[in-house]
Amino acid sequence: MSNQNKNRVAKTIVRCSYMIGVVAVTLLVIIVLSNSKKLVDPDAMLPTTYQEAAFVWLAIGTIPMLLASIGAYYFGDLKTRIHNKIGMIGFWLPSAICGSCLIYIIGIVLIGIF
């Protein structure tokens, strides 16, 4: 396998992982915004709603989404193709959503401790 084919395969893997992350973030944001108060498991010791579970999954997905975004940006040659600010904001928005959920949960935990 030549070096050019390896680069093409690697770019495809990086782009696919980014698109899977974008789809997952989109679906979880839809669940969060739907304001569902239905319990995931009513018999659990700490029952959570679908909205809370989706919010936690968004926070957990911060690092993988950030890594996928960085890989797609640098390895996918997007730094030379995206020239406007709106395109750049749209590209980094899924990572920003996950990161804001993580910061919110960390803040709630720290406030709850003190």
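The preceding data block contains the structure.
Residues numbered from 1 in each chain as written. Predicted model: local features only at pLDDT ≥ 70, side-chain atom pairs only at ≥ 80, totals over all residues. Heavy atoms only, no water.

### Side note on the packing of helix 2 (residues 50-60) against helix 3 (residues 62-75)
Here is step 1: At their nearest, the axes of helix 2 and helix 3 sit 5 Å apart, and the two run at 50° to each other. Between helix 2 and helix 3, the interaxial angle falls into the category oblique. Residues Leu58, Ala59 and Ile60 of helix 2 form the contact with helix 3, whose own contacting residues are Thr62, Ile63 and Pro64.
Here is step 2: Per-class residue counts for the contact of helix 2 with helix 3 are five nonpolar, one polar and no charged. (Axes fitted to C-alpha atoms, helices over the stretch in contact; angles between N-to-C directions. Helix = DSSP H or I, 4+ residues; strand = E, 2+ residues; numbered from the N terminus. Parallel < 35°, antiparallel > 145°, perpendicular 65-115°, else oblique. Contact = heavy atoms within 4.5 Å. Nonpolar A, V, L, I, M, F, W, Y, C, P; charged D, E, K, R; others polar.)

### Points about the nonpolar core
Here is step 1: Membership of the largest hydrophobic core comes to 17 residues, with the highest contact counts inside it found for Tyr18, Val25, Leu58, Met65, Ala72, Phe91 and Cys98.
Here is step 2: When residues of this core are traced back to their parent elements, those giving at least two are helix 1 (3-33), helix 2, helix 3 and helix 5 (85-113).
Here is step 3: The dominant element in this core, judged by the number of residues it contributes, is helix 1, at six residues.
Here is step 4: Once residues within four sequence positions are removed from consideration, valine 25 is found in contact with Leu58, Met65, Pro94, Ile97 and Cys98. (Core = buried A, V, L, I, M, F, W, Y, C linked by side-chain atoms within 4.5 Å. Buried < 20%, exposed > 50% of the residue type's maximum accessible area, 1.4 Å probe, protein only.)

### Topic: the packing of aromatic side chains
Here is step 1: Scanning the model with the defined rule gives six aromatic pairs in all.
Here is step 2: For the pair tyrosine 18 and phenylalanine 91, a centre-to-centre distance of 4.8 Å together with 20° between the ring planes defines the contact as stacked. Taken together, the positions of tyrosine 18 in helix 1 and phenylalanine 91 in helix 5 put the pair 73 residues apart, joining distant regions of the chain. Each member of the pair, tyrosine 18 as well as phenylalanine 91, is classed as buried.
Here is step 3: Centre to centre, the rings of phenylalanine 91 and tryptophan 92 are 5.3 Å apart; their planes meet at 90°, and the pair counts as edge-to-face.
Here is step 4: Exposure remark for tryptophan 92: the relative accessible area of 24% places this residue in the partly exposed category.
Here is step 5: Through successive ring pairs, a cluster of aromatic residues spans Tyr18, Tyr73, Tyr74, Phe91 and Trp92. (Phe/Tyr/Trp six-rings, centres within 6.5 Å; stacked < 30°, edge-to-face > 60°.)

### A closer look at the packing of helix 1 against helix 2
Here is step 1: Relative to each other, helix 1 and helix 2 sit at 145°, their axes nearing to 8 Å. The way helix 1 lies across helix 2 gives a crossing that is left-handed. Taking contact as the criterion, the partners of Val25, Leu28, Val29, Ile31 and Val32 in helix 1 are, on helix 2, Tyr50, Gln51, Ala54, Phe55, Trp57 and Leu58. (Left-handed = near helix turned anticlockwise from the far one by under 90°.)

Everything listed here is a matter of coordinates, which is why it stays silent on function.
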